[in-house]
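For reference, the chains in residue letters:
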Amino acid sequence: MSRLFTLGLTGVLLTLTASVSRRGVDERVSANDNRQPAGTLRDGMLTVRLEARIGEWHPDGDDAPGADVPAFAEAGKPPQIPGPLIRAVAGTRVTATVRNELPNDTLVVHGLYTRDADGRAGAPIELAPGQERTVEFLLAAPGTYYYWGTTMRRPLRYRVHEDSQLTGAIVVDSPGPRLADDRVFIIGMWTDTVGGAMPHGRKQELAVINGRSWPSTERLSYTVGDT
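Residues numbered from 1 in each chain as written. Predicted model: local features only at pLDDT ≥ 70, side-chain atom pairs only at ≥ 80, totals over all residues. Heavy atoms only, no water.

Asks: Mind laying out the side chain of Thr167, listing which residues take part and the relevant values?
Replies: The topology assignment puts Thr167 in strand β12 (residues 167-173). Of note is the side chain of Thr167, whose polar atom sits 2.8 Å from the side chain of Arg159. Not counting residues within four places of it along the chain, the set of residues in contact with Thr167 comprises Phe72, Pro82, Gly83, Tyr147, Trp148 and Arg159. (Helix = DSSP H or I, 4+ residues; strand = E, 2+ residues; numbered from the N terminus. Polar contact = N/O pair within 3.5 Å; in protein donor to acceptor, adjacent residues only side chain to side chain. Contact = heavy atoms within 4.5 Å.)

Asks: Can you tell me about the pattern of salt bridges, naming the residues and giving the values?
Replies: Any two side chains of opposite charge can pair, so long as their charged atoms come close to each other. Applying the stated criterion to the full structure yields 15 salt bridges. Note that Glu74 is salt-bridged to Lys77, the shortest N-O span being 3.4 Å. Here Glu74 falls in the buried class, since its relative accessible area comes to 14%. Here Asp118 makes a salt bridge to Arg120, at a shortest N to O gap of 3.0 Å. A relative accessible area of 52% places Asp118 in the exposed class. Judged by its relative accessible area of 60%, Arg120 falls in the exposed class. Where salt bridges share partners, they join Arg49, Arg99, Glu101 and Glu132 into one cluster. (Salt bridge = Lys/Arg side-chain N within 4 Å of Asp/Glu carboxyl O. Buried < 20%, exposed > 50% of the residue type's maximum accessible area, 1.4 Å probe, protein only.)

Asks: Before we move on, can you summarise the packing of aromatic side chains with the specific residues and values?
Replies: Using the criterion set out here, one finds one aromatic pair in the structure. Above the ring of Tyr113, the side-chain terminus of Arg115 is found at 4.3 Å from the ring centroid. (Phe/Tyr/Trp six-rings, centres within 6.5 Å; stacked < 30°, edge-to-face > 60°. Lys NZ or Arg CZ within 6 Å of the ring centre and 35° of its normal.)

Asks: Run through the sheet that holds strand β6 (residues 83-89), naming residues and quoting values.
Replies: Spatially, the five strands line up as an open sheet ordered β6-β12-β11-β8-β9, and their pairing is mixed. Lying at the two open borders of the sheet, with one neighbouring strand each, are β6 and β9 (125-127). Ignoring which end each strand starts from, the neighbouring axes of this sheet average 15 degrees apart. Here five bridges tie β6 to β12, and the two strands are oriented parallel to one another. Looking at the pairing, Arg87 lines up with Val171 of β12. (Pairing = 2+ DSSP bridges. Axes fitted to C-alpha atoms, helices over the stretch in contact; angles between N-to-C directions.)

Asks: I'd love a proper account of the pairing of strand β7 (residues 92-100), names of residues and values included.
Replies: Most of β7 sits out of view: seven of its nine residues are buried. Pairing of strand β3 (residues 45-57) with β7, which is carried by five bridges, proceeds in the parallel orientation. Its bridge partner being in β7, Met45 is matched across the sheet by Arg93. Bridge analysis of β7 against strand β10 (residues 132-139) gives eight bridges, and the strand direction is antiparallel. Note that in β10 the partner of Thr97 across the bridge is Thr134.

Asks: Would you mind going over the layout of surface pockets in detail, with residue names and values included?
Replies: Computed from the structure, the largest pocket encloses a volume of approximately 400 Å³. What lines the largest pocket is a set of 19 residues, and nearest its centre among them are Leu156, Arg159, Ile187, Gly188 and Met189. Among the elements that make up the lining of the largest pocket, the one with the highest residue count is strand β13 (residues 187-191) (three residues). Of the residues that constitute the lining of the largest pocket, the class distribution is eleven nonpolar, six polar and two charged. (1 Å grid on protein atoms, 1.4 Å probe; cavity = no way out; pocket = protein on both sides within 12 Å on 5 of 7 lines; lining within 4 Å. Points joined across faces, edges and corners; volume = space filled by probe spheres on them. Nonpolar A, V, L, I, M, F, W, Y, C, P; charged D, E, K, R; others polar.)

In structure tokens, the structure reads:
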């Protein structure tokens, strides 16, 4: 994505709220800065428990208008946008359990499969409401990847409505030391149209970096010579 859209977000969020019915949501979505990896690492095995839940998202800041959206979470923790970071050294095996806590929607999750030099995509996970499934895969090839979910059975490029923030990063580090303060950014997009169609005569777009829209995004400060 080459542009960061800035606009009056109140109207956008009101439109988004209208498209996702309120279901007694009582937890807020946390903006994930991707500094803390999810799960527990032991003896070369990373164990992660993910859930998809409805949470109240405030991309413009805690005091700005909010919208109820599906988001990924670690089990027992608040939902996050972007979803929990999966990060480990190459050669790590991952056991990931995914539970669908969305009350009315079937969830399809892509990206939780072996990452190796072949680059072949694995099969997605399909979960009915309340269903849970465990998969195992290998993080073999160093690089940056992602996992994502959809409740609308659309390809990633057309997943632009209420399920558009069901995305998380997968980072596979090379063996050896790494930068102590490197950063991982995920750019997310929500729009009220698909494929350029504008049934209401105008298009509304909301872009976020690690769950927040500008100017509420995180500020990064460095001095000359910092890496």
